[in-house]
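If you want the building blocks of each chain, they are given just below.
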Amino acid sequence: MAAPSWWQRGAIYQVYPRSFADGNGDGVGDLLGLREHLDHLTDLHVEAVWLSPVFPSPMADFGYDVADFCDVDPLFGTLADLDQLIADCHERGIRVILDWVPNHTSDRHPWFLASRSARDDPMRDWYVWRDGSPDGRPPNDWRSEFGAVGPAWTYDPDTGQWYLHSYTPQQPDLNWDNPQVEAAMHDVVRFWLGRGVDGLRIDALQRLAKDPLLRSNAGAARRHDQDWETAHDRLRRIRRVVDEYRGRIIVGEVYLLDLPRVLAYLQGGDQLHLAHNFVFLHLPWDAVAFRSGIDGFQTLAEPDAWPAWFLGNHDHSRIDTRYDDGDSGPARARAVALMLTALRGTPFLYQGDELGLPDAEIPPDQVVDVDGRDPERSPIPWRPPSVAGPGAGFTTGTPWLPLVEAAERLCVERQAADPRSTLSLVRRLAALRAASPILQTGEQRMLDAGPDVLAWLRTLGSERLLAAVNFATEPRPLLGEDVPDGRCAVLLSTDPGRTDLSVTAGACELRRFTLQPSEAVLLRLLDDDTAQ
Ligand code: GLC
């Protein structure tokens, strides 16, 4: 394979700006706070940072309800601050990806204000308006993505019609069947790419195309409210706009739990560069399940479709909590970090994954999200509360969400000082990937290596690495014909108790290698029948 593109080389790190770092003491993270913590990103060798939305917004969905696509919300700073952030990142060799929310706007966006003002307003058709049923019910049976919201329709008494919202009522869906909407949204893409942004994450891409006849889902073979066949040409036209600029990418949030349908957005070289694979994110902690998730992608993807692997974002319970095995240690979160780094494809890291953060406890009177996602959005603890106060270096004010209880132990400052910490491990992994063409572009073959063990081989020229993850809570040997003969050295282990790295660096037999409970390792093959 040729030299990798920047977006294939290393990790893309998701910043949820509200919760990353607060520069002005109002309790909410902002661009100034982020700029002050760019060393953290450099230490993680990230190739790019993806920012969740920072655009003007009434914050009904914490920024995913956008009132102006081409500006910055004063809560986060100014457009000049964002320009400065982009320049600062570029100076460090870090690319910037913004979150583009094309499916909907805020109900305060001027387009929607015009659209709802009158049935004959020229912008009426920019959104999806319909009459209800004669007995006063919504036009069809579509439901909001958020269970608590219920129907995906809200009645507007002033004009006597219902409007569609796939999420909250404050997020009316744009009508992408209207070419004027498509053109206006293409202009937003040009605005940001022209400003030097390196890529866009496309929010809720599967929602951009719906059945134009708005038929109900009930009884239908497939859903009518998303993933309609018009999606692909629509995406190709977006890609053509992106390709007007050099070296820019689009990452799609394709929230479909059906791998062939996800891959349909990635194939052909003229759609997405990278797709978030939610089938992978929803896998249970089980070696067989992960094996089939990875094999599934490899089998279905065209040779040029590049994989991306992620197991956490701002919408899902954190890795450490989701995969909790009852002991309090972050062993599985550490194993995940190694897995994402060593698989062929682009790893995505959600802020805090590098600390092994668990979900935060949110007391009922502090819940703010409509869909129960506050626990994974808790602010990053930078410094020990005993030193920096209750804001843990995230803020000098009152944090907008409570911090994790273990902030004292899990904060960046403490972990950076401890070579056995999760942060130190993730930094080592990132440094290794940055320095290892084999981890970036090497071929990959999955191996049968015994019960509860997920193992794979990476090869580049005569170099060979074996990665293995033990999904069991007891030790497991590497077993079976598939495990190459010969000696190996441990490059990296996620088990802080494995103190024999120097001994094993002196080499051990691969077929006698035993993984510790929940341990993941990267082994360098030293010699064997084929690699002499
Ligand atoms: C995406 C975002 C989520 C948001 C939704 C609506 O799924 O990740 O946070 O609520 O889209 O924009």
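Residues numbered from 1 in each chain as written. Predicted model: local features only at pLDDT ≥ 70, side-chain atom pairs only at ≥ 80, totals over all residues. Heavy atoms only, no water.

### Here we look at the overall build of the chain
Part 1 of the reasoning: When helices and strands are tallied, the chain shows 18 helices and 19 strands.
Part 2 of the reasoning: For a compact globule of 532 residues, the expected C-alpha radius of gyration is about 24 Å, and the chain comes in at 24 Å, within 12% of that figure.
Part 3 of the reasoning: By its C-alpha atoms, the chain is 80 × 55 × 45 Å across when sized along the principal axes.
Part 4 of the reasoning: Expressed as a percentage of the 532 residues in the chain, the buried residues total 60%.
Part 5 of the reasoning: Restricting the contact set of the chain to residue pairs at least 6 apart, pairs at least 24 apart contribute 68%.
Part 6 of the reasoning: Within the structure as shown, the chain displays about 20,200 Å² of accessible surface, and the carbon and sulfur contribution to it stands at 50%. (Helix = DSSP H or I, 4+ residues; strand = E, 2+ residues; numbered from the N terminus. Rg over C-alpha atoms; globule rule 2.2 N^0.38 Å. Buried < 20%, exposed > 50% of the residue type's maximum accessible area, 1.4 Å probe, protein only. Contact = heavy atoms within 4.5 Å. Areas by Shrake-Rupley, 256 points an atom, 1.4 Å probe, with all protein chains shown as cover.)

### Observations concerning the confidence of the model for the chain
Part 1 of the reasoning: Summary statistics for the chain give a mean pLDDT of 96 and a share of 97% for residues scoring 70 or more.
Part 2 of the reasoning: Scored below 50 in pLDDT, residues 528-532 makes eight contacts in the model with residues more than four places away or belonging to other chains. (pLDDT = per-residue confidence, 0-100.)

### Details of helix 12 (residues 331-342)
Part 1 of the reasoning: For helix 12, which comprises 12 residues, the first-to-last C-alpha distance of 17 Å matches the rise-based estimate of 16 Å (1.5 Å per residue) to within 8%.
Part 2 of the reasoning: Across the 12 residues of helix 12, 11 count as buried, placing the element largely inside the fold.
Part 3 of the reasoning: Along helix 12, the residues that are buried comprise Arg332, Ala333, Arg334, Ala335, Val336, Ala337, Leu338, Met339, Leu340, Thr341 and Ala342. (Expected span 1.5 Å × (residues − 1).)

### What to know about the site of the ligand
Part 1 of the reasoning: Near the ligand, the surroundings consist of 13 residues, among which Asp61, Asp203, Glu253, His314 and Asp315 are the closest.
Part 2 of the reasoning: A distance of 2.9 Å separates an oxygen atom of the ligand from a polar side-chain atom of His314.
Part 3 of the reasoning: Here the ligand loses 96% of its free accessible area of 310 Å² to cover by the protein chains.
Part 4 of the reasoning: Of the residues in the shell around the ligand, the class split is three nonpolar, three polar and seven charged.
Part 5 of the reasoning: Mapping the shell around the ligand onto the domain boundaries places at least three of its residues in each of domain 1 (6-105 + 179-433) and domain 2 (106-175). (Near = heavy atom within 4 Å. Polar contact = N/O pair within 3.5 Å; in protein donor to acceptor, adjacent residues only side chain to side chain. Nonpolar A, V, L, I, M, F, W, Y, C, P; charged D, E, K, R; others polar. Domains from an automatic or database assignment.)

### Some remarks on the domain arrangement of the chain
Part 1 of the reasoning: Along its sequence, the chain is organised into domain 1 (6-105 + 179-433), domain 2 (106-175) and domain 3 (443-526).
Part 2 of the reasoning: The C-alpha centroid of domain 3 is placed 55 Å from the C-alpha centroid of domain 2.

### So, the packing of aromatic side chains
Part 1 of the reasoning: Tallying each qualifying case throughout the model produces 25 aromatic pairs.
Part 2 of the reasoning: With a centroid separation of 6.3 Å and an interplanar angle of 80°, the aromatic rings of Tyr13 and Phe20 are classed as edge-to-face.
Part 3 of the reasoning: According to the relative accessible area criterion, Tyr13 is buried, its value standing at 0%.
Part 4 of the reasoning: Looking at Phe20, the relative accessible area reads 1%, which means it is buried.
Part 5 of the reasoning: Both rings, one in Trp285 and one in Phe290, keep their centres 5.8 Å apart while their planes meet at 70°; by these two values the pair is edge-to-face. The pair formed by Trp285 and Phe290 is uniform in burial state, with each residue classed as buried. (Phe/Tyr/Trp six-rings, centres within 6.5 Å; stacked < 30°, edge-to-face > 60°.)

### Description of the pairing of strand 13 (residues 453-460)
Part 1 of the reasoning: Most of strand 13 is tucked away: six of the eight residues are buried.
Part 2 of the reasoning: In the sheet, strand 12 (residues 443-448) pairs with strand 13 via six bridges, with the strands oriented antiparallel. Across the sheet, residue Glu443 finds its bridge partner in strand 13, namely Thr459.
Part 3 of the reasoning: Sheet topology note: the strand 13/strand 14 (residues 463-470) ladder contains eight bridges and is antiparallel. What sits directly across from Ala455, in strand 14, is Ala468.
Part 4 of the reasoning: Connecting strand 13 to the next strand, strand 14, in antiparallel fashion are two residues, including Gly461 with a positive phi near 55°. (Pairing = 2+ DSSP bridges.)

### Points about the pattern of salt bridges
Part 1 of the reasoning: Counted under the stated rule, the structure contains 41 salt bridges.
Part 2 of the reasoning: In this structure, Arg201 engages Asp99 in a salt bridge whose closest nitrogen and oxygen atoms are separated by 2.9 Å. Taken together, the residues Arg201 in strand 7 (residues 199-202) and Asp99 in strand 3 (residues 95-100) connect sequence positions 102 residues apart. Considered together, Arg201 and Asp99 belong to a single accessibility category, that of buried residues.
Part 3 of the reasoning: Where Asp233 meets Arg236, a salt bridge forms, and the shortest distance between an N and an O atom there is 2.9 Å. In this pair, Asp233 and Arg236 are both assigned in helix 7 (residues 230-242), three residues apart and thus about one turn of the helix distant. (Salt bridge = Lys/Arg side-chain N within 4 Å of Asp/Glu carboxyl O.)

### Looking at the sheet that holds strand 4 (residues 129-130)
Part 1 of the reasoning: Strand order in the open sheet formed by three strands is 4-6-5, and the pairing between neighbours is antiparallel. At either end of the open sheet lies a strand with only one pairing partner, and these are strand 4 and strand 5 (153-156).

### Points about helix 7
Part 1 of the reasoning: Compared with the 18 Å implied by 1.5 Å per residue over 13 residues, the 19 Å span of helix 7 between its first and last C-alpha is a close match.
Part 2 of the reasoning: Of the residues making up helix 7, those classed as buried are Ala231, His232, Arg234, Leu235, Ile238, Arg239, Val241 and Val242.
Part 3 of the reasoning: Elements in contact with the buried residues of helix 7: strand 3, helix 6 (179-194), strand 7 and strand 8 (249-254).

### Looking at the sheet that holds strand 14
Part 1 of the reasoning: Spatial strand order, 12-13-14-19-16-17: six strands in an open sheet with antiparallel pairing. The open sheet is flanked by strand 12 and strand 17 (508-509), the only strands paired with a single partner.
Part 2 of the reasoning: Both strand 16 (residues 487-493) and strand 17 contribute to a ladder of two bridges, which runs antiparallel. Within strand 17, the position partnered with Arg487 by the bridge is Glu509.
Part 3 of the reasoning: Across the sheet, helix 12 lies against strand 12, strand 13, strand 14, strand 16 and strand 19 (520-527), angled at about 50° from strand 19, the strand it touches most.
Part 4 of the reasoning: With respect to the sheet, helix 16 (residues 422-435) is in contact with strand 16 and strand 19, its orientation differing from that of strand 16 by roughly 125°. (Axes fitted to C-alpha atoms, helices over the stretch in contact; angles between N-to-C directions.)

### A short note on the pairing of strand 8
Part 1 of the reasoning: Most of strand 8 is tucked away, with six of its six residues classed as buried.
Part 2 of the reasoning: Residues of strand 8 alternate between two faces, with Ile249, Val251 and Glu253 on one and Ile250, Gly252 and Val254 on the opposite face, all of them buried.
Part 3 of the reasoning: Two elements, strand 7 and strand 8, share four bridges in a ladder whose sense is parallel. Bridge pairing in strand 8 links Gly199 to Ile249.
Part 4 of the reasoning: Crossover connection from strand 7 via helix 7 to parallel strand 8: handedness right-handed.
Part 5 of the reasoning: Bridging between strand 8 and strand 9 (residues 274-277) involves four bridges; their strand directions are parallel. Across the sheet, residue Gly252 finds its bridge partner in strand 9, namely Ala275. (Right-handed = clockwise from strand over helix to strand, strands pointing away.)

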